[in-house]
Amino acid sequence: MLNLMEIPQQAKPLHPNLSVPRDGWGRPLAVPEGGGKPKGHTRTTTFIDCIEDKSNLIDWQGRMVLMGATKRADLVDKARDLNPDDAADKKTLNLLVEQAKDAAGANDKSRKGTYLHDLSEYVDRGDPLPRAISGADLDDMAAYMMATAPLKVVAIEQFVIVPELSVGGTFDRLSYYEGPGPDGKPIKGNFITDTKTGSVEYGKLKIASQLAVYSRGKLYDHTLFPVDADDKAAIKEWKKREFTANEAAQAYSPLPPVNQDWGIVVHLPQGTGTCDLYWADLRIGWAMANLALTIRQARSTKGALKPFVMQATETEVASLPQSV
(Lines give C-alpha, C1' and ligand atoms only; values in the text may rest on other atoms or scores of the structure.)
Protein backbone atom coordinates (compact mmCIF):
# COMPACT_ATOMS: atom_id res chain seq x y z
CA MET A 1 0.00 0.00 0.00
CA LEU A 2 1.27 3.46 -0.89
CA ASN A 3 1.90 5.76 2.06
CA LEU A 4 2.12 9.54 1.97
CA MET A 5 4.12 11.90 4.13
CA GLU A 6 5.07 15.52 4.32
CA ILE A 7 8.57 16.07 2.96
CA PRO A 8 10.32 19.41 3.50
CA GLN A 9 10.68 21.40 0.27
CA GLN A 10 14.41 21.33 -0.33
CA ALA A 11 16.71 20.64 -3.23
CA LYS A 12 16.95 16.96 -3.99
CA PRO A 13 20.52 15.74 -3.32
CA LEU A 14 22.42 14.70 -6.41
CA HIS A 15 22.37 10.95 -6.88
CA PRO A 16 25.93 9.65 -6.30
CA ASN A 17 26.02 8.00 -9.73
CA LEU A 18 25.07 11.28 -11.41
CA SER A 19 28.12 13.02 -9.94
CA VAL A 20 30.49 11.15 -12.24
CA PRO A 21 32.89 13.75 -13.75
CA ARG A 22 31.98 14.71 -17.30
CA ASP A 23 33.71 16.44 -20.19
CA GLY A 24 32.47 19.37 -22.27
CA TRP A 25 30.20 17.08 -24.29
CA GLY A 26 28.57 15.62 -21.21
CA ARG A 27 30.38 12.29 -21.57
CA PRO A 28 31.29 10.50 -18.33
CA LEU A 29 35.03 10.62 -17.66
CA ALA A 30 36.47 7.36 -16.35
CA VAL A 31 39.90 5.86 -15.87
CA PRO A 32 40.27 2.97 -18.36
CA GLU A 33 40.24 -0.50 -16.87
CA GLY A 34 43.89 -1.03 -17.81
CA GLY A 35 44.99 2.28 -16.31
CA GLY A 36 46.06 5.55 -17.92
CA LYS A 37 44.51 9.00 -18.12
CA PRO A 38 40.78 9.53 -17.60
CA LYS A 39 38.94 9.41 -20.92
CA GLY A 40 35.48 10.31 -22.13
CA HIS A 41 33.09 7.41 -22.53
CA THR A 42 30.12 7.75 -24.86
CA ARG A 43 26.79 7.76 -23.04
CA THR A 44 24.80 4.58 -23.66
CA THR A 45 21.81 6.31 -25.22
CA THR A 46 24.07 8.43 -27.44
CA PHE A 47 26.08 5.39 -28.55
CA ILE A 48 23.05 3.53 -29.88
CA ASP A 49 21.33 6.60 -31.35
CA CYS A 50 22.86 5.85 -34.75
CA ILE A 51 20.62 2.78 -35.24
CA GLU A 52 17.43 4.75 -34.64
CA ASP A 53 15.20 6.27 -37.32
CA LYS A 54 14.90 9.86 -36.09
CA SER A 55 12.54 11.10 -38.82
CA ASN A 56 9.50 11.17 -36.52
CA LEU A 57 11.51 12.95 -33.80
CA ILE A 58 12.89 15.51 -36.26
CA ASP A 59 9.41 16.25 -37.62
CA TRP A 60 8.03 16.60 -34.09
CA GLN A 61 10.81 18.97 -33.06
CA GLY A 62 10.18 21.12 -36.15
CA ARG A 63 6.51 21.39 -35.24
CA MET A 64 7.40 22.33 -31.67
CA VAL A 65 9.75 25.10 -32.83
CA LEU A 66 7.02 26.53 -35.04
CA MET A 67 4.44 26.38 -32.26
CA GLY A 68 6.90 27.96 -29.84
CA ALA A 69 7.52 30.80 -32.28
CA THR A 70 3.80 31.59 -32.28
CA LYS A 71 3.94 31.97 -28.49
CA ARG A 72 7.26 33.84 -28.31
CA ALA A 73 7.39 36.50 -31.02
CA ASP A 74 10.43 37.98 -29.27
CA LEU A 75 12.45 34.92 -30.26
CA VAL A 76 11.65 35.52 -33.92
CA ASP A 77 12.74 39.15 -33.58
CA LYS A 78 16.04 38.08 -32.02
CA ALA A 79 16.68 35.61 -34.84
CA ARG A 80 15.76 37.93 -37.67
CA ASP A 81 19.22 39.43 -38.30
CA LEU A 82 21.32 36.39 -37.38
CA ASN A 83 23.36 34.47 -39.94
CA PRO A 84 22.87 30.67 -39.70
CA ASP A 85 26.32 30.16 -41.32
CA ASP A 86 28.16 32.30 -38.78
CA ALA A 87 29.73 30.30 -35.92
CA ALA A 88 28.72 32.74 -33.17
CA ASP A 89 25.22 33.20 -34.58
CA LYS A 90 24.76 29.45 -34.81
CA LYS A 91 25.13 29.15 -31.05
CA THR A 92 22.62 31.96 -30.48
CA LEU A 93 20.16 30.42 -32.92
CA ASN A 94 20.49 27.04 -31.21
CA LEU A 95 19.63 28.67 -27.89
CA LEU A 96 16.63 30.41 -29.45
CA VAL A 97 15.45 27.11 -30.92
CA GLU A 98 15.60 25.48 -27.48
CA GLN A 99 13.67 28.39 -25.98
CA ALA A 100 11.01 28.07 -28.69
CA LYS A 101 10.68 24.33 -28.06
CA ASP A 102 10.38 24.97 -24.34
CA ALA A 103 7.69 27.61 -24.95
CA ALA A 104 5.73 25.00 -26.92
CA GLY A 105 5.96 22.55 -24.02
CA ALA A 106 8.38 20.20 -25.80
CA ASN A 107 10.33 19.60 -22.60
CA ASP A 108 7.32 19.15 -20.33
CA LYS A 109 7.08 15.40 -20.88
CA SER A 110 10.79 14.97 -20.26
CA ARG A 111 10.60 16.86 -16.97
CA LYS A 112 7.50 14.93 -15.97
CA GLY A 113 9.20 11.67 -16.86
CA THR A 114 12.14 12.54 -14.62
CA TYR A 115 9.72 13.35 -11.81
CA LEU A 116 7.94 10.00 -12.17
CA HIS A 117 11.32 8.24 -12.11
CA ASP A 118 12.02 10.03 -8.82
CA LEU A 119 8.67 8.93 -7.39
CA SER A 120 9.24 5.34 -8.50
CA GLU A 121 12.46 5.34 -6.50
CA TYR A 122 10.44 6.16 -3.38
CA VAL A 123 8.21 3.18 -4.14
CA ASP A 124 11.10 0.79 -4.79
CA ARG A 125 12.88 1.83 -1.60
CA GLY A 126 9.69 1.33 0.38
CA ASP A 127 9.60 5.00 1.37
CA PRO A 128 6.39 7.03 1.72
CA LEU A 129 5.55 9.32 -1.20
CA PRO A 130 5.42 13.11 -0.76
CA ARG A 131 1.93 14.12 0.37
CA ALA A 132 1.90 16.99 -2.11
CA ILE A 133 1.81 14.82 -5.25
CA SER A 134 -1.22 15.10 -7.52
CA GLY A 135 -3.97 12.53 -7.81
CA ALA A 136 -2.79 11.61 -11.30
CA ASP A 137 0.74 11.00 -10.02
CA LEU A 138 -0.63 8.88 -7.20
CA ASP A 139 -2.60 6.80 -9.74
CA ASP A 140 0.57 6.36 -11.81
CA MET A 141 2.53 5.19 -8.78
CA ALA A 142 -0.23 2.81 -7.71
CA ALA A 143 -0.19 1.30 -11.22
CA TYR A 144 3.61 1.10 -11.07
CA MET A 145 3.51 -0.65 -7.70
CA MET A 146 0.94 -3.20 -8.91
CA ALA A 147 2.75 -3.96 -12.18
CA THR A 148 6.18 -4.35 -10.59
CA ALA A 149 4.97 -6.43 -7.64
CA PRO A 150 6.54 -9.63 -9.11
CA LEU A 151 9.95 -7.91 -9.22
CA LYS A 152 12.30 -7.68 -6.25
CA VAL A 153 14.62 -4.68 -6.56
CA VAL A 154 18.26 -5.67 -6.11
CA ALA A 155 19.93 -2.36 -7.04
CA ILE A 156 18.80 1.15 -8.00
CA GLU A 157 20.53 3.44 -10.52
CA GLN A 158 23.97 1.94 -10.85
CA PHE A 159 26.66 3.45 -13.09
CA VAL A 160 28.45 0.95 -15.32
CA ILE A 161 31.20 0.99 -17.94
CA VAL A 162 31.37 -1.31 -20.96
CA PRO A 163 35.11 -1.21 -21.78
CA GLU A 164 34.83 -2.97 -25.14
CA LEU A 165 32.49 -0.23 -26.40
CA SER A 166 33.99 2.68 -24.41
CA VAL A 167 30.46 3.33 -23.18
CA GLY A 168 29.19 4.43 -19.77
CA GLY A 169 25.71 4.88 -18.35
CA THR A 170 23.32 4.36 -15.45
CA PHE A 171 20.61 1.71 -15.52
CA ASP A 172 17.35 2.18 -13.61
CA ARG A 173 17.09 -1.09 -11.71
CA LEU A 174 18.49 -4.56 -11.30
CA SER A 175 15.51 -6.74 -10.37
CA TYR A 176 15.10 -10.37 -9.36
CA TYR A 177 12.21 -12.22 -10.98
CA GLU A 178 11.02 -15.81 -10.83
CA GLY A 179 8.07 -16.96 -12.91
CA PRO A 180 6.94 -17.46 -16.51
CA GLY A 181 9.43 -16.15 -19.05
CA PRO A 182 8.91 -14.65 -22.51
CA ASP A 183 8.22 -18.11 -23.95
CA GLY A 184 5.96 -19.13 -21.06
CA LYS A 185 8.59 -21.42 -19.54
CA PRO A 186 9.90 -20.85 -15.99
CA ILE A 187 12.71 -18.36 -15.69
CA LYS A 188 14.48 -16.80 -12.72
CA GLY A 189 17.37 -14.53 -11.92
CA ASN A 190 18.44 -10.90 -12.04
CA PHE A 191 17.29 -8.72 -14.92
CA ILE A 192 18.21 -5.22 -16.04
CA THR A 193 14.96 -3.28 -15.63
CA ASP A 194 14.26 0.08 -17.26
CA THR A 195 11.27 2.39 -16.79
CA LYS A 196 9.93 4.31 -19.79
CA THR A 197 7.34 7.06 -19.29
CA GLY A 198 6.91 7.99 -22.96
CA SER A 199 5.88 6.00 -26.00
CA VAL A 200 7.76 2.77 -26.67
CA GLU A 201 6.23 2.31 -30.12
CA TYR A 202 9.11 3.66 -32.19
CA GLY A 203 12.11 2.90 -29.97
CA LYS A 204 11.94 -0.86 -29.47
CA LEU A 205 15.34 -1.68 -30.97
CA LYS A 206 17.00 1.19 -29.14
CA ILE A 207 15.47 0.14 -25.82
CA ALA A 208 16.55 -3.49 -26.26
CA SER A 209 20.05 -2.33 -27.21
CA GLN A 210 20.24 0.01 -24.22
CA LEU A 211 19.40 -2.79 -21.78
CA ALA A 212 21.75 -5.20 -23.54
CA VAL A 213 24.65 -2.78 -23.13
CA TYR A 214 23.90 -2.32 -19.43
CA SER A 215 23.77 -6.09 -18.91
CA ARG A 216 27.37 -6.34 -20.22
CA GLY A 217 28.58 -3.50 -17.99
CA LYS A 218 30.97 -3.41 -15.07
CA LEU A 219 30.28 -1.37 -11.97
CA TYR A 220 32.61 1.63 -11.80
CA ASP A 221 33.36 3.53 -8.59
CA HIS A 222 34.38 7.04 -9.66
CA THR A 223 34.85 8.13 -6.04
CA LEU A 224 38.23 6.35 -6.01
CA PHE A 225 39.50 9.12 -8.28
CA PRO A 226 38.10 12.23 -6.55
CA VAL A 227 37.81 15.54 -8.41
CA ASP A 228 35.38 18.45 -8.20
CA ALA A 229 33.10 17.73 -11.15
CA ASP A 230 31.96 21.38 -11.20
CA ASP A 231 35.47 22.85 -11.32
CA LYS A 232 36.57 23.02 -14.97
CA ALA A 233 40.16 23.90 -14.08
CA ALA A 234 40.37 20.97 -11.67
CA ILE A 235 38.90 18.63 -14.29
CA LYS A 236 41.46 19.83 -16.85
CA GLU A 237 44.37 19.03 -14.53
CA TRP A 238 42.84 15.76 -13.35
CA LYS A 239 42.53 14.55 -16.96
CA LYS A 240 46.32 14.80 -17.29
CA ARG A 241 46.96 12.35 -14.45
CA GLU A 242 48.16 8.83 -15.16
CA PHE A 243 46.64 6.08 -13.04
CA THR A 244 48.19 2.64 -12.72
CA ALA A 245 46.45 -0.54 -13.80
CA ASN A 246 46.24 -1.59 -10.14
CA GLU A 247 44.56 1.70 -9.21
CA ALA A 248 42.10 1.37 -12.08
CA ALA A 249 41.30 -2.26 -11.29
CA GLN A 250 40.03 -1.30 -7.84
CA ALA A 251 37.32 0.88 -9.42
CA TYR A 252 35.84 -1.94 -11.49
CA SER A 253 33.70 -4.77 -10.15
CA PRO A 254 31.32 -7.21 -11.84
CA LEU A 255 27.58 -6.92 -11.69
CA PRO A 256 25.75 -9.62 -9.77
CA PRO A 257 24.88 -12.50 -12.15
CA VAL A 258 22.46 -10.95 -14.65
CA ASN A 259 20.47 -12.39 -17.54
CA GLN A 260 22.03 -11.23 -20.81
CA ASP A 261 19.30 -12.71 -23.01
CA TRP A 262 16.32 -10.87 -21.57
CA GLY A 263 15.64 -7.58 -19.84
CA ILE A 264 12.44 -6.05 -18.49
CA VAL A 265 10.86 -2.78 -19.62
CA VAL A 266 8.41 -1.06 -17.27
CA HIS A 267 6.15 1.13 -19.41
CA LEU A 268 4.58 3.84 -17.26
CA PRO A 269 2.91 6.31 -19.65
CA GLN A 270 2.57 9.46 -17.59
CA GLY A 271 -0.86 10.56 -16.45
CA THR A 272 -2.68 7.39 -17.55
CA GLY A 273 -2.76 5.42 -14.30
CA THR A 274 -1.57 2.35 -16.22
CA CYS A 275 1.66 0.39 -16.24
CA ASP A 276 2.70 -2.61 -18.34
CA LEU A 277 5.76 -4.84 -18.38
CA TYR A 278 7.54 -6.04 -21.53
CA TRP A 279 10.33 -8.50 -22.14
CA ALA A 280 13.22 -6.98 -24.08
CA ASP A 281 15.24 -9.41 -26.22
CA LEU A 282 18.82 -8.52 -25.32
CA ARG A 283 20.22 -10.87 -27.95
CA ILE A 284 18.71 -8.60 -30.59
CA GLY A 285 19.78 -5.59 -28.53
CA TRP A 286 23.42 -6.71 -28.31
CA ALA A 287 23.52 -7.34 -32.07
CA MET A 288 22.26 -3.77 -32.54
CA ALA A 289 24.92 -2.46 -30.14
CA ASN A 290 27.63 -4.14 -32.19
CA LEU A 291 26.08 -2.71 -35.35
CA ALA A 292 26.24 0.72 -33.71
CA LEU A 293 29.94 0.12 -33.01
CA THR A 294 30.54 -0.81 -36.65
CA ILE A 295 28.71 2.31 -37.86
CA ARG A 296 30.67 4.56 -35.52
CA GLN A 297 33.97 3.03 -36.59
CA ALA A 298 32.99 3.36 -40.25
CA ARG A 299 32.41 7.07 -39.84
CA SER A 300 36.16 7.58 -39.42
CA THR A 301 36.88 6.01 -42.83
CA LYS A 302 38.77 8.39 -45.13
CA GLY A 303 39.33 8.53 -48.86
CA ALA A 304 35.71 8.18 -49.98
CA LEU A 305 36.14 11.23 -52.25
CA LYS A 306 39.20 12.31 -54.23
CA PRO A 307 39.86 15.45 -56.32
CA PHE A 308 38.86 15.25 -59.95
CA VAL A 309 41.93 16.14 -62.06
CA MET A 310 42.05 16.92 -65.79
CA GLN A 311 45.14 17.75 -67.88
CA ALA A 312 47.41 18.34 -64.91
CA THR A 313 51.13 17.70 -64.76
CA GLU A 314 52.56 15.11 -62.41
CA THR A 315 53.93 17.95 -60.24
CA GLU A 316 50.51 19.59 -60.05
CA VAL A 317 48.85 16.27 -59.24
CA ALA A 318 51.36 15.63 -56.47
CA SER A 319 50.57 19.00 -54.91
CA LEU A 320 46.83 18.39 -54.79
CA PRO A 321 45.17 17.05 -51.63
CA GLN A 322 44.81 13.29 -51.98
CA SER A 323 41.41 12.84 -50.38
CA VAL A 324 38.62 14.65 -48.60
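Refer to the structure above for everything that follows.
Residues numbered from 1 in each chain as written. Predicted model: local features only at pLDDT ≥ 70, side-chain atom pairs only at ≥ 80, totals over all residues. Heavy atoms only, no water.

(A) Examining the overall build of the chain more closely. Helix and strand counts for the chain stand at eleven helices and twelve strands. Summarising its shape, the C-alpha atoms of the chain cover approximately 85 × 55 × 45 Å along the three principal directions. Classification of the 324 residues of the chain by burial places 38% in the buried group. Partitioning the contacts of the chain with sequence separation of at least 6, the portion at a separation of at least 24 is 63%. A total accessible area of about 19,100 Å² is found for the chain, and carbon and sulfur atoms account for 55% of it. Here the chain carries 39 positive and 42 negative side-chain charges, and the mean point of each set is 2 Å from the other. (Helix = DSSP H or I, 4+ residues; strand = E, 2+ residues; numbered from the N terminus. Buried < 20%, exposed > 50% of the residue type's maximum accessible area, 1.4 Å probe, protein only. Contact = heavy atoms within 4.5 Å. Areas by Shrake-Rupley, 256 points an atom, 1.4 Å probe, with all protein chains shown as cover. Lys, Arg positive; Asp, Glu negative; His and termini not counted. Charge placed at Lys NZ, Arg CZ, Asp CG, Glu CD.)

(B) Spatial organisation of helix H7 (residues 204-215). Compared with the 16 Å implied by 1.5 Å per residue over twelve residues, the 17 Å span of H7 between its first and last C-alpha is a close match. When you tally the buried positions in H7, you get ten out of twelve residues, the bulk of the element. (Expected span 1.5 Å × (residues − 1).)

(C) Main features of unusual backbone geometry. You will see that Glu157, though not glycine, has its phi angle at about 45 degrees, which is positive. With respect to the helices and strands, Glu157 occurs in strand E6 (residues 152-162). Positive phi, normally seen in glycine, also occurs at Ser166, with a value near 55 degrees. Among the secondary structure elements, Ser166 is positioned in the loop between E6 and strand E7 (167-180).

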